[in-house]
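Residues per chain are reported as follows:
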Amino acid sequence: MNGENGVTADHADQADHAEQTGSAARPARPRTPWLGDVSLSVVVPVLGGDDRIGGILAAAPGRLDALLGAGPGAWELVVVVVGDGDGDGPAGAVLAAAADEPRIRLVRPADHDADDEPDHAAGHAAAGPPRPGGKGTALRAGVLASAGRRVLITDAGLTTPLDELARLERELDGPDPDDAPAAVLGRSGNRLVRAIGIPGIPGFRADTCGFALFDGDRARAAFGASSLNGPAIDAEVLRWIRRQGWHVAEVPLNRAPRTADPARPAGPVPVRTTRPRPRRTAGGLRLALGELLRLNAGGLAVAAAFLALSLYVFQGLWADLDGSYLADALQDQNQWEWFVGVTTDNITHLRNPLFTFAQGMPDGVNLMANATMLGLNVPLIPVTLLFGATVTFALVLTLGMAASAWTWYWLIRRRLVRNRWAAAAGGALAAFAPPMVSHANGHPNFVVLFMIPLIVDRALRLCEPHRGGRGATRDGVLLGLFATYQIFIGEEPLLIAALGMLVFCLAYLLVDRRRALAAARPLGAGLVVALAVCLPLVVVPLFWQFFGPQSYHAILHGDNAGNSPRALIEYAGRSLFGDPETAARLSLNTTEQNAFYGWPLLAFGVAVCVGLWRSRTVRALAITGFVTLLLSLGPWVPVPHTEIVLPGPWRLMIKLPLFESVIEGRVAMVCAPILGILLALALDRIVRLRTRELRTLGLLGAAAALIPILPLPLTVRERAPVPAFVTSGSWKDYVKDGEALVPVPLPDPGQADALHWQVEADFGFRLAGGYFNGPWGPDKIGIYGATPRHLSNLLRDVRYGAQPPEVTPAWQAQARQDLEYWKAGAVVLPVQERDTQLRDLLTGLLGRAPEKVLDAWVWRVGPGAP
């Protein structure tokens, strides 16, 4: 780092971008090695013989440390020396300073090409060596050699003090990320540039590039597209930026007195800005939410497109909210609407929202140990009270998928691409990928993921070395608050996302060790702050979840919870090219089609990774996707079309705390945002290609990858009606407070319509049996549903075709014992298949005939019953 460096941009992504935006026709320039992540690059052009460089080399490092922090990635000083052939002048001074300060870099631009000279230069090329370039050569070399997320251009004498940087940063941050400037130009009153006749830029004074702050990516693209070698490069770069449609702002600055130390701040002078600035909020949380919610016309169009796509997916449900049921939801819609209702009932009656006796009598249900989604169901209580649980269920799914697509779009556009619609395509794929559509059948906790991109963004901010002090503390606090809220929306998605982020961090450590290690310290400090914020807020709910009543561990999912290798390349049941029968054979059920990206999309992703392999981010994403797909195969991986079964990498994690309850096939869902990011990067490059044929070919390739997995609307069926015995309130004459209603058969994961009865009855009665996650046995192993009893098993078997047994005194005693255990008040048999066999069986077991009440047969079994 202390030696001399070559000329141009070392960052592969920016070099590629510059080639696609105007510099591809010029000869390639040598590249400097990548020096790691840097927050700010200060580029100082110096012409040979300029003795002012000594002052900036002596004073600037200390001032930059004070302004930005002393970390290794906080800043770099890139000094570009032109025309100092012997190295004893400015270049020698820079090398001497760099020996003690590794953040100072010397760039010696190669002699400029004849193609870059005016025409008359070609005629003198043979008369002697090429003449050294001027300001344009120096600025182009310095900017392209920079590594900073932002680039500051200043002069060797620091005519404008470095303290003025804060004013430019405030403007570049801006309140609206979608309208953030590409550059902020300082205006100080220097008339030199205008005096020598540089063409003006409409709306800007000609002296504004002497102290200018640029977005790093855009600066490297703009200067890479430039060709002028003299001072006119200022106007050329500004014109190029304007042609891209990027915003440029201008801020008046103070000039340092001629006798002052160039790195020392000048005295306070009133500052006027060229346009009114919106007042920034003081609260970090409000600021972060403000960044997310400020929409311009383009952002509104993207949000509207996401909402329309979500309504398209759920159109069948919205068409008849009272009578429709998601056909592939199994019993999950009943269960989740019950979670909505029980949360509303608990809160409105000032009961514990973490526990209920509403089902699973007499033991109850640990709601915190289930996907109750308190973070959404509690705020939506007014909606539930006014319109019912089904409306809340439909709203959460519809708005949740659209909001998840929006935040992924926001993250991708904020950090990876500039093209709005490329980012929108990536966000749509991340939120509406086949696994997400599959879970939309009844798993809102795996669909409503709008907090995950915000958590990723805040973690990335913590990785920036310059964000020390209050900035790091604020980011850590926000990360802790975001994680807390996500815990109350969905813990398993957060755990899987954390696993994906951990794999990405390890992958980045492989591809860029220096940058990863530089980020480790600020990230670690921020995580400590986040934990300090999060743990006090969740310690009681989590203690209740893992150690409270009806807590459990290591819920069992069976041996086929991992993805089949074929599931990675096949299409999901609700994809345009999908075959529901094939998808059903390769998945646990219709809500657990956790891969099914289709071979064209995976091939497209591989092609993007190959094409952009020079990008460290792409390499880390590729490794992350590959590893998570391997993990999703489960502990044992069958080789298709053979009897061979291989051990899978999930065997290393299956016994780890928390992961022992994860359905391993769901880990493949990490690939949805990865593929979305790769799609956005590819489209962003494709639309910038100069050749129409290449653009068309690239867009056709993306279309070929996406069309087969376009989502189809979710299918619905007619919902089973609630018995009039329940809707009329007749149950109140049979079930007293503290007693349970026993439906026949009892509700369980296979049939849970009785949960909907309870919701429609406003939780006026309790239920025996149920569909929830709870403990079984002395080891408290997690199972789906209540612990089965002899009578519940018998009624289930007869309902689904088994021959009723002979009624004996032992069976009658067992039936009475089970009813007493459930604290039953009444046994209710609604109209259904095999209801005659069930009625005769219960009549024999209970020793008396039932009463016919409207559309149900009812046996009184509570205290005082005959």
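Reading the values: rules and limits
Residues numbered from 1 in each chain as written. Predicted model: local features only at pLDDT ≥ 70, side-chain atom pairs only at ≥ 80, totals over all residues. Heavy atoms only, no water. Pairing = 2+ DSSP bridges. Helix = DSSP H or I, 4+ residues; strand = E, 2+ residues; numbered from the N terminus. Axes fitted to C-alpha atoms, helices over the stretch in contact; angles between N-to-C directions. Parallel < 35°, antiparallel > 145°, perpendicular 65-115°, else oblique. Left-handed = near helix turned anticlockwise from the far one by under 90°. Contact = heavy atoms within 4.5 Å. Nonpolar A, V, L, I, M, F, W, Y, C, P; charged D, E, K, R; others polar. Buried < 20%, exposed > 50% of the residue type's maximum accessible area, 1.4 Å probe, protein only. Polar contact = N/O pair within 3.5 Å; in protein donor to acceptor, adjacent residues only side chain to side chain. Salt bridge = Lys/Arg side-chain N within 4 Å of Asp/Glu carboxyl O. pLDDT = per-residue confidence, 0-100. Lys, Arg positive; Asp, Glu negative; His and termini not counted.

1. Notes on the sheet that holds strand β15 (residues 740-743)
No. 1: Judged by pairing direction, the sheet is mixed, and its 5 strands sit side by side in the order β16-β15-β19-β21-β20 without closing on themselves. Bordering the open sheet on either side are β16 (766-767) and β20 (851-853), each of which pairs with just one other strand.

2. A word on the packing of helix α24 (residues 599-611) against helix α26 (residues 671-686)
No. 1: Between α24 and α26, the least distance of the axes is 10 Å, while the angle of their chain directions is 60°. Judged by the angle between their axes, α24 and α26 are oblique. Between α24 and α26 the crossing geometry is left-handed. Counting all contacts with α24, which are made through L601, L602, F604, G605, V608 and C609, the residues of α26 involved are L675, L678, L679 and A682.
No. 2: A class-by-class count of the residues in the contact of α24 with α26 yields 9 nonpolar, 1 polar and no charged.

3. Some thoughts on unusual backbone geometry
No. 1: Look at the link from M361 to P362: it is a cis peptide, with omega at 5°.
No. 2: The topology assignment puts P362 in the loop between β10 (355-356) and β11 (365-366).
No. 3: Note that the residue after V744, namely P745, is joined by a cis bond; omega there is -5°.
No. 4: As for its position among the elements, P745 is in the loop between β15 and α29 (753-760).
No. 5: Even without being glycine, F596 reaches a positive phi, approximately 55°.
No. 6: Secondary-structure assignment places F596 in the loop between α23 (580-585) and α24.
No. 7: According to the relative accessible area criterion, F596 is buried, its value standing at 1%.
No. 8: One non-glycine residue, L854, adopts positive backbone phi at about 55°.
No. 9: Turning to its location among the elements, L854 is positioned in the loop between β20 and β21 (856-860).

4. Notes on the side chain of R796
No. 1: Along the chain, R796 falls in helix α30 (residues 790-799).
No. 2: Taking relative accessible area as the criterion, R796 reaches 16% and is therefore assigned buried.
No. 3: Within the structure, the side chain of R796 is placed 3.0 Å from the side chain of D748, a separation counted as a polar contact.
No. 4: Contacts of R796, omitting those with residues within four sequence positions, involve P745, L746, D748 and Q751.

5. Considering the pairing of strand β3 (residues 75-82)
No. 1: Counting buried positions over the 8 residues of β3 gives 8, a clear majority of the element.
No. 2: Neither face of β3 is open: one carries W75, L77, V79 and V81, the other E76, V78, V80 and V82, and all of them are buried.
No. 3: Relative to β3, strand β2 (residues 38-47) runs parallel, the two being bridged by 8 bridges. Note that in β3 the partner of V44 across the bridge is V79.
No. 4: The sheet contact formed by β3 and strand β4 (residues 104-107) spans 4 bridges and is parallel. For V78, the partnering residue across the bridge sits in β4 and is R105.

6. Quick notes on the pattern of salt bridges
No. 1: A complete count under the given rule lists 22 salt bridges for this structure.
No. 2: The residue D457 makes a salt bridge to R461 at a minimum N-O spacing of 3.3 Å. Of this pair, D457 and R461 both sit in helix α19 (residues 451-462), 4 residues apart, which is roughly one turn of the helix. Across the pair, exposure class does not vary: D457 and R461 are buried alike.
No. 3: In this structure, D748 engages R796 in a salt bridge whose closest nitrogen and oxygen atoms are separated by 3.0 Å. Of this pair, D748 sits in the loop between β15 and α29 while R796 is found in helix α30, placing the two residues 48 residues apart along the sequence.

7. Brief notes about the packing of helix α11 (residues 297-313) against helix α16 (residues 389-415)
No. 1: In contact at an axis separation of 8 Å, α11 and α16 are set at 140° when each is read in the N-to-C sense. What the angle tells us is that α11 and α16 run oblique. Note that α11 runs across α16; the crossing there is right-handed. Between α11, through G299, V302, A303, F306, L307, S310 and L311, and α16, the contact on the second element is made entirely by L397, T398, L399, M401, A402, A405, W406 and Y409.
No. 2: Across the contact of α11 with α16, the residue classes break down as 12 nonpolar, 3 polar and no charged.

8. Comments concerning the confidence of the model for the protein
No. 1: Mean pLDDT for the protein: 84, with 82% of residues reaching 70 or above.
No. 2: pLDDT under 50 marks residues 1-35. Its contacts with residues more than four places away, or in other chains, come to 104 contacts.
No. 3: This model gives residues 189-208 a pLDDT under 50, and the stretch forms 37 contacts once residues within four places in sequence are excluded.

9. Concerning the environment of R515
No. 1: Within the secondary structure, R515 is located in helix α22 (residues 513-547).
No. 2: Overall, R515 belongs to the partly exposed group, its relative accessible area being 22%.

10. Examining the side chain of D835
No. 1: When you line up the elements, D835 lands in helix α32 (residues 835-846).
No. 2: It turns out D835 is buried and unbridged, and the closest side chain with the opposite charge, R839, is 6.7 Å from it.
No. 3: What D835 contacts, discounting residues up to four positions off in sequence, is L829 and P830.

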